[in-house]
Amino acid sequence: MQLALSFTTLLASVLVILSATGNSVDAAPAKRSRSVTLPLTRLHQNRADVHPQILLQQHINRSVKRYARMTGRAAPTKREMAEKIAKRMFIPPGGRPKAISKRYNRQGAKDKANAALQAFQDFVESFTEGLSNDEEADGAAASNTTTKHKSAAKDKGKGNKHKQAQQDAGGDDGTDDTTGASNSTAAAASALNPANEPTTANSLGLDIEADDVGYIATIQMGTPPRDFHILMDSGSADLWVGGENCQSQAGGGCGNHQFLGTQSSSSFKDSAQPFQVTYGSGAVAGTIIQDNIVVAGLALNAHTFGATTQETADFADDSVPFDGLMGLAQSTLSEQGVLTPVEALAKAGLIGDAITSFKISRFADGKNDGEVTFGALDDTKFDASTLVTFDNVSPDGFWEGAMDSVSVDGTDVGLQGRSAILDTGTTLIIAPDADAAAVHAAIPGAKSDGQGGFTIPCDTTASVALTFGGQAFAIDTRDLIFAQLDDAGTTCASGISSGDIGGDGTWLVGDVFLKNAYFSTDVTKNQISLAKLV
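Small disclaimer: the values here were computed from a predicted structure and weren't measured.

Student: Lay out the overall build of the chain with the relevant residues and their values.
Tutor: Looking only at helices and strands, the chain has 13 helices and 28 strands in total. Within the chain, the proportion of its 534 residues that are buried is 57%. Sequence-distant contacts in the chain: of pairs separated by 6 or more residues, those separated by 24 or more amount to 71%.

Student: If you had to explain the side chain of S498 to someone new, which residues and values would you point to?
Tutor: Secondary-structure assignment places S498 in strand β25 (residues 496-498). Take S498: its relative accessible area is 7%, and that puts it in the buried class. Residues within four places of S498 in sequence aside, it is in contact with I60, I430, A431, P432, D433, A436, G452 and F454.

Student: Explain the sheet that holds strand β16 (residues 411-412) to me, and be specific about the residues and the numbers.
Tutor: Strands belonging to one sheet form pairs held by backbone hydrogen bonds; the direction of such a pair is parallel or antiparallel. One open sheet holds the four strands; their spatial order is β16-β15-β21-β22, and the pairing between them is antiparallel. Each end of this open sheet is capped by a strand with a single partner; those strands are β16 and β22 (471-475). Relative to strand β21 (residues 464-468), strand β15 (residues 405-408) runs antiparallel, the two being bridged by four bridges. Looking at the pairing, V406 lines up with L466 of β21.

Student: Residues and numbers for the sheet that holds strand β19 (residues 447-448), please.
Tutor: One open sheet accounts for four strands, arranged β19-β20-β24-β23; its pairing is antiparallel. Where the open sheet ends on each side, the last strands, each with one partner, are β19 and β23 (481-484).

Student: Can you tell me about the nonpolar core, naming the residues and giving the values?
Tutor: Grouped burial of nonpolar side chains is what soluble globular proteins tend to show. Residues F374, L422, F468, W507, F513 and L530 are the most contacted members of the largest nonpolar core, which totals 86 residues. When residues of this core are assigned to their parent elements, the largest contribution, six residues, is made by helix α2 (residues 52-71). Counting 12 residues, the second-largest nonpolar core is a separate cluster that includes W240, F275, Y279 and V284.

Student: So what about the state of the cysteines? Which residues, and what values?
Tutor: Counted according to the given criterion, the structure contains two disulfides. The disulfide that involves C246 links it to C254, with 2.0 Å between the sulfurs. Given an S-S torsion of about -65 degrees, the disulfide between C246 and C254 has left-handed geometry. Each member of the pair, C246 together with C254, is buried. Residue pairing for C458: its cysteine sulfur links by disulfide to C492, the two sulfurs lying 2.0 Å apart.

Student: Before we move on, could you go through the pattern of salt bridges and cite the residues and values that matter?
Tutor: Following the criterion strictly, the structure yields eight salt bridges and no others. Salt-bridge contacts for D212 lead to K515; the nearest nitrogen and oxygen are separated by 2.9 Å. With D212 in the loop between β3 (207-209) and β4 (214-221) and K515 in the loop between α13 (511-514) and β27 (518-522), the pair connects residues that are 303 residues apart, well separated along the chain. Since its relative accessible area comes to 11%, K515 is described here as buried. Ionic contacts of the salt-bridge type, sharing partners, join the residues D212, R362, D365, D476, R478, D479 and K515 into one network.

Student: I'd like a description of the packing of aromatic side chains, backed by residues and values.
Tutor: Summed over all chains, the structure comprises eight aromatic pairs. Between F315 and F322 the ring centres are 6.3 Å apart and the planes differ by 65 degrees, which places this aromatic pair in the edge-to-face class. With relative accessibility at 2%, the residue F315 sits in the buried group.

Student: Describe α2, naming the residues involved and giving the relevant values.
Tutor: Its 20 residues give α2 an end-to-end C-alpha distance of 28 Å, which sits within 8% of 28 Å, the value for a rise of 1.5 Å per residue. Across the 20 residues of α2, 19 count as buried, placing the element largely inside the fold. One or two positions beyond α2, positive phi appears at G72, with a value near 75 degrees.

Student: Describe the confidence of the model for the chain, with residues and values.
Tutor: Per-residue pLDDT for the chain has a mean of 78; in total, 71% of the residues score no lower than 70. Low pLDDT, under 50, characterises residues 14-47; the stretch is placed with 142 contacts to residues that sit more than four places away or in other chains. Here residues 134-190 is modelled with pLDDT under 50, and outside its nearest four sequence neighbours on either side it reaches 116 contacts, counting other chains as well.

Student: Outline the side chain of Q57, supporting the account with residue identities and numerical values.
Tutor: Within the secondary structure layout, Q57 lies in helix α2. The buried category is assigned to Q57, whose relative accessible area is 0%. With residues up to four places along the chain from it excluded, the contact list for Q57 reads K84, I85, R88 and Q451.

Student: Any details on unusual backbone geometry? Residues and values, ideally.
Tutor: Of note, the amide linkage connecting T223 to P224 takes the cis form, showing an omega dihedral of 0 degrees. Relative to the elements of secondary structure, P224 occurs in the loop between β4 and β5 (226-233). Here A296, not a glycine, exhibits a phi torsion of approximately 55 degrees, which is positive. Of note, the phi angle at D409 is positive, near 55 degrees, even though the residue is not glycine. Here D409 is to be found in the loop between β15 and β16.

Student: A description of the pairing of β22 should follow, citing residues and the corresponding values.
Tutor: Here β22 shows one buried face, formed by Q471, F473 and I475, and one open face, formed by A472 and A474. Both β21 and β22 contribute to a ladder of five bridges, which runs antiparallel. The residue bridging L466 from the neighbouring strand is F473, located in β22. Between β21 and β22, which pair antiparallel and follow one another directly, the connecting turn spans two residues, one of which, G469, has a positive phi of 55 degrees.

Student: Please set out the environment of D511 residue by residue, giving values where relevant.
Tutor: As for its position among the elements, D511 is in helix α13. A sequence separation of 85 residues divides D511 from T426, and the C-alpha atoms of the two residues are 6.2 Å apart. Ignoring any residue separated from it by four or fewer positions in sequence, one finds D511 in contact with Y215, I360, D423, T424, T426 and T427.

Student: Go over the environment of D323, please, and point to the residues and values.
Tutor: Along the chain, D323 turns up in the loop between α9 (313-316) and β10 (324-327). Expressed as a C-alpha distance, the spacing of D323 and F228, which sit 95 residues apart in the sequence, is 6.1 Å.

Student: Tell me about helix α11 (residues 433-441), and please be specific about residues and values.
Tutor: Among the residues of α11, those classed as buried are D435, A436, V439 and H440. Projected down its long axis, α11 carries its buried residues within an arc of 130 degrees, all on one side. Of the exposed residues in α11, the ones pointing more than 90 degrees away from its buried face are A434 and A441.

About the thresholds
Here the residue numbers are simple positions, counted from 1 along each chain's written sequence. Totals for whole chains, interfaces and linings use every residue, but because this is a predicted model, local features are given only for residues with pLDDT of at least 70 and side-chain atom pairs only at 80 or more, for both listing and counting. The side-chain quantities take in all heavy atoms of the structure and omit both hydrogens and water. By the criteria applied, helices consist of DSSP H or I runs no shorter than four residues and strands consist of E runs no shorter than two, each listed in order from the N terminus. Three exposure classes are used, based on accessible area relative to the maximum for each residue type with a 1.4 Å probe and protein chains only: buried under 20%, partly exposed in between, and exposed over 50%. Should any heavy atoms of two residues lie within 4.5 Å, those residues are considered in contact. What makes two strands pair is DSSP finding at least two bridges between them. Residues grouped as a nonpolar core are buried Ala, Val, Leu, Ile, Met, Phe, Trp, Tyr and Cys residues, joined through side-chain atoms within 4.5 Å. Only a pair of cysteine sulfur atoms within 2.5 Å qualifies as a disulfide here. Criterion for a salt bridge: a side-chain nitrogen of Lys or Arg within 4 Å of a carboxyl oxygen of Asp or Glu. Centre distance within 6.5 Å is the pairing criterion for rings of Phe, Tyr and Trp, where only the six-membered ring of Trp is used; planes under 30 degrees apart are then read as stacked, over 60 as edge-to-face, and the remainder as tilted. Given the number of residues in a helix, its expected span is that number minus one, multiplied by 1.5 Å. A score from 0 to 100, pLDDT tells how confident the predictor is in each residue. Here the arc refers to the set of directions running from the helix axis out to each C-beta atom.

Rendered as structure tokens:
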């Protein structure tokens, strides 16, 4: 598929990818009897300096990597993810043809085709040079993190630039102080849009990061209590914030954030017991601590959670608008081996059940009414007549439910026996290849881009709906359209993509869908609820 936007935009995309020189390094998860590496995808908004095709592939890479870790499958290697980025970046010698050229002789056409194929292979090989097909080898090579990072920062040659591009292909956005212009752009893109005051007790407003990138709440920590901005994620189960001695893998401290430690909190106690968590993009490591926290006015004294001593730039960079992360899956996933805050609130009798309910706001609506409620559902946010509750079928602690059917404009596309992991930490919907193709076959004008993504007309009116518990939930076309791909505004990228995710009928369903439903989870009953928004 041709990229219809200008060569200048594509070149700017490449320069953004190549501009940083730091190497971000994944922290390996602690070894446990049933180890699960918890994913979190920080998906950046569609920026003017990043070509939408490259941005789309970054989202697909991160989502597929996240899904693999959720389901215990082998994640795509860094080389495989970089190759997919390279395919979207490649421009044939002489540029992409504007029209079909005449063939004066068959041999000439064959020679030209062979030359183009060789040029493409050379480009991919150059882009992925030095990357291993073995994900474990990449992880092992990353063990000497700080020393390698500092030496890499001194090397501004071609090879190091390729390594940064490779990291960005996989979602590891390592940066350092030499990338001021890039960081400035990212900082502008990461502004928080503050939420309205919650309308229900035991609730927190969800600020919107940029254009529906992430959802962030404010809680209090330490003695005296101070505000911390925390990313809410239903696909992981650990709470952590930056520690006072935190260091970035990119060098220096962990950015312009709020930190927790003995200097700022008299109730802070460090167990010195280490924890490490690797997410879909980025990683953190630190020690398990105890300190007082207040969540939606509910006080948990001496709560056990993590304070980081090391973060990749995905979390440590100044442009990141949150100070930590709260995982709200089930604690069976916790790398720290402790209760999630909602489970601790229920155990302390501060809420009736370990229920977490999300109303995810859409920036384009201008309502800023997103909130997360603990211990109950906020019945002012949804139509009670549409509320359905169904069992969580995940054996690992993610929130996964049986998906009855998928329809386009009211017509069932024949996908029964599927399940969906509902995850606020993912932007796209990722489906098995055949399922994604079946959905788009029913959308007029939709086409495969040959790399896991699909294009749809920007003026599509197709209504795609997922059915759970007998209730169909339609996806707003504004969410179905991920990004505009051409200057004319006729071709857009779909928010539903395919990925190599095992082919077992499980979908990874992110905010493309969840912005269109009230989403509630109940650890006590191991159930999920959905309802239509009002």
